[in-house]
Structures are given as C-alpha cells and as structure tokens.
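In case you want the letters, here they are:
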Amino acid sequence: MNILILGSGGREHTFAWKIAQSPLCEKLFIAPGNAGTALCGMNVPIGVNDFKGIKQFVIENEIEMVVVGPEDPLVMGIHDFFLNDNYLKAIPVIGPKKDGAELEGSKEFAKRFMQKNNIPTAAYESFTIETLKEGLAYLDKQKTPIVLKADGLAAGKGVLICNEINEAKKELAEMLAGAKFGKASTKVVIEEFLEGIELSTFVLTDGINYKILPEAKDYKRIGDGDTGLNTGGMGAVSPVPFANETFKKKVEERIIIPTINGLKNEGIDYKGFIFIGLMNVNGDPFVIEYNVRMGDPETEVVIPKIKNDLVELFQAVGNETLKDITIEIDPRTALTIMLVSGGYPGEYSKGKVITGLDKTEDSLIFHAGTSHSKETDEINTSGGRVIAITSFGNNISEAANQSYKNADLIDYKGKYYRKDIGKDLL
Ligand code: AMP
Ligand code: GLY
C-alpha cells in the first residue's frame, strides 16, 4: 500500500525508516519531511495543516494509510476531516479524532477526564479572565512551588513553575489578562507541584484494545545536569531502570486501563498513540500530561526497539484487531542524543552545512531540522534540533558511548549537545 506520513522531525524520520522496512509498504511519502525522510521515501511540499492539499495528494497518489506525527493537525481535526469526506473516509488515519485529541489540546479537559476516571494526577483548579480574582485568591492559599499551565497548545512553552506566590500571581494575570500565550491562555490550570522523577509511557490503541510500548525518559533542559531553558527534548533513553515491574503494573492498573476505559465510556473512539507523561512520586505514578502522538525524541528510542512490522501494527489499529498482535521488544538499551543549533531554544541560525554524516558507524542517524540543497548537494541545518543519534547497547553506558562517538564525527557550525544523557540513571 501507499502510505503518507505527516511531519518533518526526528520522530517522522524514525517512522519513515521503520515503515520503509515493511513489505506491506509500496510507496512512502512524507509531507513535508526533511533530508532524512527523503532517504526513506519521497518528500512532498505540503504543510501538515493543509487539509485540502493533503486530500488532493492522497487521492492522486492512491494513499491507503495516513500516519500523523505532530499534534497540531490532530487537534485541528484531520481525522474527522477524512471521516467526513466520501473519498477519504475509508483510509485509516493513525491518530485520534478531535474529541480524543482534546486530551492534549486542552489541559482542563485532560484534568477533568482524569478526575472523572480516578486517574492519579496533581490537584488543580482552572480559571478564566472572568474568575481572575478568584484565581489570585486561590493562589494565596497554595504552597510553592506551584504550577501554571496555559489550557491550549503553546508549543511546549505554556507551563510555568513558580517558586513565589507573588510571581505566580503576576504570571496568572499576564496569562489571562495579558494573553501571554495568546488564545492558549484564555484558560489557565493551576496545579500542585509534584516532586519526583519523570518518565513517559506510550500506548497504541485501536479504541478497544491497547498495547503498551517501551517507556522512555526524556531530557528536556538545554544544559547538562538538567539546567537552563526547556527544549523539545535533548535526548532519551529506553528502558528506564527505575520503571521496574511493580511500578509498571501500577501504571497499567491505575492509569492505562482507566484511560482506555474512560475514553470508551465517553464515546471517544481513539485510534492512535497515547503518550502519558508521568511523575514517579515515591514509587507511585501520577499523570503530568497526555499527548496524543508519539514524543520526540522518545520515538527515536521507542520505535527502533519494536521488532514488529509497524505497518501491520497500524493496520490492526485501523481494523480494531490489535488484540491479535503480540508486541516484540528488543531487550537492549536504546539511547538517543540530539545535536542542536547553537542558541537553541532561543534564537539560532539555519543553513549551516552538515558534514561527517557518512563517517558514522553503528548508530541510527535520524534527521530533525535538516534540508537538502539541490544546488550544492549538501545537507544543511534547518531547525533548532538537527540530528538525533540513536544507539543500542547492553546497558546505558554502552549505548551512550556509541552515540557520543558518532556525535564527534558529525559537524556543523554551532553544533551543541548535552554530554550527560543517561548519566543520571547509572
Ligand atoms: P508539560 O508541558 O505539561 O509537559 O509540562 C512541562 C514540564 O513541566 C513537565 O515535563 C514537568 O517537568 C513540569 N511539570 C508539569 N506539571 C508539573 C507538576 N504538576 N509538578 C511538577 N512538575 C510539573
Ligand atoms: N519530548 C517531549 C514531547 O515530544 O512532547
């Protein structure tokens, strides 16, 4: 079958690399893709939110499956768009409809969903401009640190952790009255700060059954030792040693099963990935957030560990036959490090020539922000996060050493990466 992947990051290159290995895949297209996805299939210059353009391409190229990478088109209803169109409705879309995508599209929806379904999460209240006064009074009664979250999508920037109540009050006012995050902060969730270690768990569901994929730990801050600004993610490791069988059993019983059942009870037919951000608080899991897609760079370690044919898995999602599939996981450790542009997550420049990609050995090189120049036949940087280097090892050190060896060989002006991915877990 012909398959279309939507997106252009390291996550989508990983999907493309995996899908291209499937005997079920005839032609693979990626919209818009990057220089890495072009090695696995054909890039097409259509934006992920250009539903009309996507429709035309899907019809003209006889696409039989659409895999959605990022959250934006899901929250905007790409799956519903397909179901409401006579030409498109039979084509499976991997990713939830608008109703399910609200788990990521609205923090308040997610919190209410968890409360209704007894899923452990931080205590919260939500406020709008009309209830700003109550919000400020509520803050007076809270302990610090306290967490403020813009309700809507804010490109990963909408969460503030405040150490002083006065700072929190100022931020709340700026979010609600000053539209600090635009429309995303017309509603704000104020929640209790959870102290613990974070990890992410990934579930694939066909709306009836579910499969738990390998868990991963992401490294979000720009600097070594988890310092500096938040980024999209600077590296990831899977498995996560502290996620032992007892902990994982709690995650399945207290979080995954109630989530799947909660969706069913609300009449939300969810087909796709659920990425559950968790905090391990003294051995008990709490949900920090839901995402309705795979994580990036978590995908770069989770997907290579899955031995199954990914297209077969996605077909089962579309056909609601996931229960008939046994997931096979590579037991080794997978670790990825992200090479980024100097200045990221602040301002950075693009168009730097990347060298040394052909010198790397025994790692998977997944492109994120890269583009291919036709004139010079060179690969250039074109984003903040540039290249993810994934390696396997019998333990974290082995995998890390291999990725770091290759990180030395790849070069471009302004190259930066964290030197401590996985170290905290040793
Ligand atoms: P989110 O955008 O929801 O992933 O939040 C960004 C980051 O803020 C998370 O990865 C956590 O590190 C942190 N965070 C969010 N909510 C909480 C919370 N209730 N307690 C502690 N840290 C939090
Ligand atoms: N790495 C975090 C995310 O994809 O949201």
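Up top is the structure these notes are about.
Now for a description of the structure that goes with this document. (Residues numbered from 1 in each chain as written. Chains lettered and ligands numbered in written order. Predicted model: local features only at pLDDT ≥ 70, side-chain atom pairs only at ≥ 80, totals over all residues. Heavy atoms only, no water.)

## Considering the overall build of the protein
Then, in step 1: Counting its secondary structure elements, the protein contains twelve helices and 21 strands.
Then, in step 2: The C-alpha extent of the protein, read off along each of the three principal axes, is 60 × 50 × 45 Å.
Then, in step 3: Looking at the 426 residues of the protein, the share that counts as buried comes to 57%.
Then, in step 4: Intrachain contacts of the protein at a sequence separation of at least 6 include 69% that bridge at least 24 residues.
Then, in step 5: Charge centroids of the protein, computed over 48 positive and 60 negative side chains, lie 2 Å from each other. (Helix = DSSP H or I, 4+ residues; strand = E, 2+ residues; numbered from the N terminus. Buried < 20%, exposed > 50% of the residue type's maximum accessible area, 1.4 Å probe, protein only. Contact = heavy atoms within 4.5 Å. Lys, Arg positive; Asp, Glu negative; His and termini not counted. Charge placed at Lys NZ, Arg CZ, Asp CG, Glu CD.)

## Looking at the nonpolar core
Then, in step 1: Counting 69 residues, the largest nonpolar core has L4, V66 and Y290 as the members making the most contacts within it.
Then, in step 2: With six residues, the top contributor of residues to this core is helix 9 (residues 245–265).
Then, in step 3: Discounting chain neighbours no more than four positions away, the residues touching V66 are L4, L6, V58, F82, I91, P92, V93 and I94.
Then, in step 4: Core analysis: the second largest hydrophobic core is formed by 35 residues, I30, L204, F273 and F275 among them. (Core = buried A, V, L, I, M, F, W, Y, C linked by side-chain atoms within 4.5 Å.)

## What about the packing of helix 1 (residues 10–19) against helix 11 (residues 310–319)?
Then, in step 1: The interhelical angle for the contact between helix 1 and helix 11, taken along N-to-C directions, is 100°, at an axis separation of 8 Å. The angle between helix 1 and helix 11 places the two elements in the roughly perpendicular class. Where helix 1 abuts helix 11, its residues F15, K18 and I19 lie against L310, V311 and F314.
Then, in step 2: Considered class by class, the residues forming the contact of helix 1 with helix 11 number five nonpolar, no polar and one charged. (Axes fitted to C-alpha atoms, helices over the stretch in contact; angles between N-to-C directions. Parallel < 35°, antiparallel > 145°, perpendicular 65-115°, else oblique. Nonpolar A, V, L, I, M, F, W, Y, C, P; charged D, E, K, R; others polar.)

## Some thoughts on the site of ligand 1
Then, in step 1: Taken together, 15 residues form the shell around ligand 1, and within it E191, E192, L194, E198 and E289 come nearest.
Then, in step 2: Residue K149 places a side-chain N or O atom 3.1 Å away from a nitrogen atom belonging to ligand 1.
Then, in step 3: Summarising the interface, the protein chains cover 89% of the accessible area of ligand 1, which totals 470 Å² for the free molecule.
Then, in step 4: Listed by contribution, the elements that provide at least two residues to the shell around ligand 1 are strand 7 (146–150), strand 8 (159–162), strand 9 (187–192) and strand 16 (284–291).
Then, in step 5: Per-class residue counts for the shell around ligand 1 are eight nonpolar, no polar and seven charged. (Near = heavy atom within 4 Å. Polar contact = N/O pair within 3.5 Å; in protein donor to acceptor, adjacent residues only side chain to side chain. Areas by Shrake-Rupley, 256 points an atom, 1.4 Å probe, with all protein chains shown as cover.)

## Description of the site of ligand 2
Then, in step 1: Taken together, the neighbourhood of ligand 2 is formed by D218, G232, F275, R293, G295, D296, P297 and E298.
Then, in step 2: One nitrogen or oxygen atom from the side chain of R293 is found 3.0 Å from an oxygen atom belonging to ligand 2.
Then, in step 3: Residue D296 places a main-chain N or O atom 2.9 Å away from a nitrogen atom belonging to ligand 2.
Then, in step 4: In isolation ligand 2 exposes 190 Å². Once the protein is present, 87% of that is buried.
Then, in step 5: Tallied by class, residues from the shell around ligand 2 come to two nonpolar, two polar and four charged.

## A short note on the side chain of E215
Then, in step 1: For E215, the position within the fold is in strand 11 (residues 210–218).
Then, in step 2: Using a relative accessible area of 6% as the deciding quantity, one classes E215 as buried.
Then, in step 3: Polar side-chain contacts of E215 include one of 3.4 Å to the side chain of K248.
Then, in step 4: Residues contacting E215, with those up to four places away along its chain left out, are L199, S200, T201, V237, S238, P239, V240, A243 and K248.

## A short note on the pairing of strand 1 (residues 2–7)
Side chains on a regular strand alternate between the two faces of the sheet.
Then, in step 1: Along strand 1, six of the six residues are buried, which leaves the element largely enclosed by surrounding structure.
Then, in step 2: The side-chain alternation of strand 1 yields two buried faces, one formed by N2, L4 and L6 and the other by I3, I5 and G7.
Then, in step 3: Here strand 1 runs beside strand 4 (residues 63–68); their pairing, made up of five bridges, is parallel. Of the residues in strand 4, the one forming a bridge with L6 is V68.
Then, in step 4: Bridge count for strand 1 against strand 2 (residues 28–32) is five bridges, and the pairing is parallel. Within strand 2, the residue paired with I5 across the bridge is I30. (Pairing = 2+ DSSP bridges.)

## Quick word on the packing of helix 7 (residues 132–140) against helix 8 (residues 165–176)
Then, in step 1: One can describe the packing of helix 7 onto helix 8 by two numbers: an axis separation of 10 Å at closest approach and a directional angle of 160°. The orientation of helix 7 relative to helix 8 falls into the category roughly antiparallel. As helix 7 packs across helix 8, the resulting crossing turns out to be right-handed. Here L132, G135, L136, L139 and D140 of helix 7 come into contact with helix 8, specifically with I165, A168, K169, L172, A173 and L176.
Then, in step 2: Across the contact of helix 7 with helix 8, the residue classes break down as eight nonpolar, one polar and two charged. (Left-handed = near helix turned anticlockwise from the far one by under 90°.)

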